[in-house]
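Examination of the molecular architecture
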Amino acid sequence: MEKLLQFLQYSKELTINPFGLGKASCNNRCKFCIVSNRMLNSDIPLEYFIETTNNTKKWLIKYLDILPQDLTITFYFVAGELFYMNQDYFDLYTKISKELYDIVKSKYNKIKFNIQSNFLFTNIDNMNNFIKLSKFLFSLTPNVIVTTSFDLYGRFNESSLELWKNNLLYISQRLKTKIMIEMILTNHGLELYNTTSNVYTDMLDNILENEDKYNVSFEEFILNDIENKDMYPTTENLINFYSKINEKFPTHHVLDIYKNPTNNINTINSKPRSECTLIQFSDKPFNHGNIYTDSDLRIISNNCLGGILGNLNKYEPSQVLKFIPKNNNGLYCLYNTQEVIEYFEYKIGCAFCKYKPYCSAKCFIQHIIKYYPEQCQRKELFKLFEKD
């Protein structure tokens, strides 16, 4: 807990997943998904959600008094796909939302909800339940982010893309709020956009043209299996992609991270995700970050050390280690080693990079499977948009 509190003093944001990712099921298995091979093939039992959400409440009640005063608290609703379940699940989501909000509102006024779905609803009742739940969250706080995902490759076929597009329109019209659309940048998708025109590239252009309706976030592909190495974007394809986006949509906010890096702030969230600390409860945790343990509650806290390397300039690599907890076997997680830190800080050049204060260093997590990028791609993108 001491290390978690230490990191929260820096991050200023605590993201809580009340449902956990230890068990998850989904109605879609994207080719690049980092958790699909750990998902259940059946629905998650309601009892599991009840247990994990109760653990979340217990943890908050136990530690609320010692958490830093100036935190932003975000409740992040994601676990595979939560929203194709029946009415009993939606009743639980509504109930736990109100209970969690009531627990923290006594101390914090910066409270957010991020509710995430793939929008592949085939049941109109489920889609209406999702809308109803979103409206309920908005009744608690205006700080609600409704998130879905679009990708040029690996998520949709033409049939499911049409379903997603129709559902996106249906939901956005009824919620009357800007929908956040996240997109994974795979090499296949970048090549597609750079070289051809089809229903997928046209859909991305349509999304970017409607900036008044949609917020957009480009996310780097996370290499979770060395067999998928060919999906990892090349620097050339990234530069060509961003150059093309800039030609078509030069003022779009999705480019701000590189065009206006001195803002050092994500245009949608208060901080880039890698700078936040994520907590979730689970009996079989999926984790690609750091592990903090609390034996009675099985607390899992997941944050990207890249956020420290990229933004906490006053710490040298050797000092960064003090932020790294050990897992319950007393060993550092695979990528939390001096070797890895030195590779990025010195061989890649993060330690001396002038863009370091603005970079979330997401490439840092690529080596969870011992894959090291040969160069810093983000540096090239910063340079691409650097003002004279």
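Now for a quick tour of the structure. Please read all numbers here as calculations on a predicted model, not as lab measurements.

For the protein chain, the helix and strand inventory stands at 13 helices and 8 strands. Per-residue burial for the protein chain yields a buried fraction of 56% across its 388 residues. Expressed as a percentage of contacts within the protein chain between residues at least 6 apart in sequence, the contacts between residues at least 24 apart total 80%. Accessible surface for the protein chain amounts to roughly 16900 Å². Of this, 49% is attributable to carbon and sulfur atoms.

For residues other than glycine, phi is negative in most cases, and the peptide bonds are mostly trans. Despite not being glycine, Phe119 has its phi angle at roughly 65°, a positive value. By the element assignment, Phe119 lies in the loop between β3 (111-116) and α4 (124-140).

Take the environment of His188 next. Following the sequence through the fold, His188 ends up in helix α6 (residues 187-195). Residue classification places His188 among the partly exposed positions, given a relative accessible area of 25%. Along the chain, His188 and Tyr153 lie 35 residues apart, while their C-alpha atoms are 6.4 Å from each other.

Turning to the side chain of Asn194, a few remarks are in order. Tracing the sequence through the fold places Asn194 in helix α6. Looking at Asn194, the relative accessible area reads 18%, which means it is buried. Polar side-chain contacts of Asn194 include one of 3.4 Å to the backbone nitrogen of Phe241. What Asn194 contacts, discounting residues up to four positions off in sequence, is Asn237, Asn240, Phe241 and Lys244.

When two helices pack together, you describe them by how their axes are tilted relative to each other and by the distance separating the axes. Contact pair helix α2 (residues 46-63) / helix α3 (residues 87-105): the axes reach a minimum separation of 11 Å and the direction vectors enclose 0°. Regarding the angle of α2 to α3, the classification is roughly parallel. Along the contact surface, α2 presents Leu46, Phe49, Ile50, Thr53, Thr56, Lys57, Leu60 and Ile61, while α3 presents Asp88, Tyr89, Leu92, Tyr93, Lys95, Ile96, Glu99, Leu100, Ile103 and Val104. Of the residues belonging to the contact of α2 with α3, the class tally is 12 nonpolar, 2 polar and 4 charged.

The tendency in soluble globular proteins is for nonpolar side chains to be buried side by side. By size, the foremost hydrophobic cluster in this structure holds 78 residues, and its most contacted members are Phe75, Phe83, Tyr93, Phe150, Trp164, Phe241 and Tyr242. The greatest single-element share of this core, amounting to 9 residues, is contributed by α3. Discounting chain neighbours no more than four positions away, the residues touching Phe150 are Arg155, Phe156, Leu161, Trp164, Ile181, Glu182, Met183, Ile184, Tyr200, Met203, Leu204 and Ile207.

Right, let's talk about the pairing of strand β4 (residues 144-149) for a bit. A regular strand places its side chains so that they alternate between the two faces of the sheet. Taken across its 6 residues, β4 has 6 buried, putting it largely inside the fold. On β4, burial covers both faces: Val144, Val146 and Thr148 on one face and Ile145, Thr147 and Ser149 on the other are all buried. Sheet analysis places β3 next to β4, joined by 4 bridges and oriented parallel. Across the sheet, residue Ile115 finds its bridge partner in β4, namely Val146. In the classification by handedness, the crossover that spans β3, the intervening α4 and the parallel β4 is right-handed. Of the strand pairs in this sheet, β4 and strand β5 (residues 179-185) are connected by 3 bridges, and their pairing is parallel. Each bridged residue has a counterpart across the sheet, and for Thr147 the counterpart in β5 is Met180.

In this structure, Thr196 sits in the loop between α6 and α7 (199-209). Engagement of the side chain of Thr196 in a polar contact is seen with the backbone oxygen of Leu192, the distance being 2.8 Å.

Turning next to the packing of aromatic side chains. Per the stated rule, a full pass over the model turns up 20 aromatic pairs. Where Phe121 meets Phe130, the ring centres are 5.7 Å apart and the plane angle is 45°; that geometry is what we call tilted. Of the two residues examined, Phe121 and Phe130, each falls in the buried class. Among the aromatic side chains, those forming a connected cluster through ring pairs are Tyr193, Phe218, Phe241, Tyr242, Tyr258, Phe382 and Phe385. Its guanidinium or amino end placed over the ring of Tyr170, Arg174 lies 3.5 Å from that ring's centre, counting from NZ or CZ. A cation over a ring is seen here: Lys244 above Tyr193, with NZ or CZ 5.3 Å from the ring centre.

This brings us to the side chain of Asn167. Note that Asn167 resides in helix α5 (residues 158-175). Polar side-chain contacts of Asn167 include one of 3.0 Å to the backbone oxygen of Phe121. Leave out the neighbours within four places in its chain, and Asn167 touches Phe119, Leu120, Phe121 and Met127.

What counts and what doesn't
- Residues numbered from 1 in each chain as written.
- Predicted model: local features only at pLDDT ≥ 70, side-chain atom pairs only at ≥ 80, totals over all residues.
- Heavy atoms only, no water.
- Helix = DSSP H or I, 4+ residues; strand = E, 2+ residues; numbered from the N terminus.
- Buried < 20%, exposed > 50% of the residue type's maximum accessible area, 1.4 Å probe, protein only.
- Contact = heavy atoms within 4.5 Å.
- Areas by Shrake-Rupley, 256 points an atom, 1.4 Å probe, with all protein chains shown as cover.
- Polar contact = N/O pair within 3.5 Å; in protein donor to acceptor, adjacent residues only side chain to side chain.
- Axes fitted to C-alpha atoms, helices over the stretch in contact; angles between N-to-C directions.
- Parallel < 35°, antiparallel > 145°, perpendicular 65-115°, else oblique.
- Nonpolar A, V, L, I, M, F, W, Y, C, P; charged D, E, K, R; others polar.
- Core = buried A, V, L, I, M, F, W, Y, C linked by side-chain atoms within 4.5 Å.
- Pairing = 2+ DSSP bridges.
- Right-handed = clockwise from strand over helix to strand, strands pointing away.
- Phe/Tyr/Trp six-rings, centres within 6.5 Å; stacked < 30°, edge-to-face > 60°.
- Lys NZ or Arg CZ within 6 Å of the ring centre and 35° of its normal.

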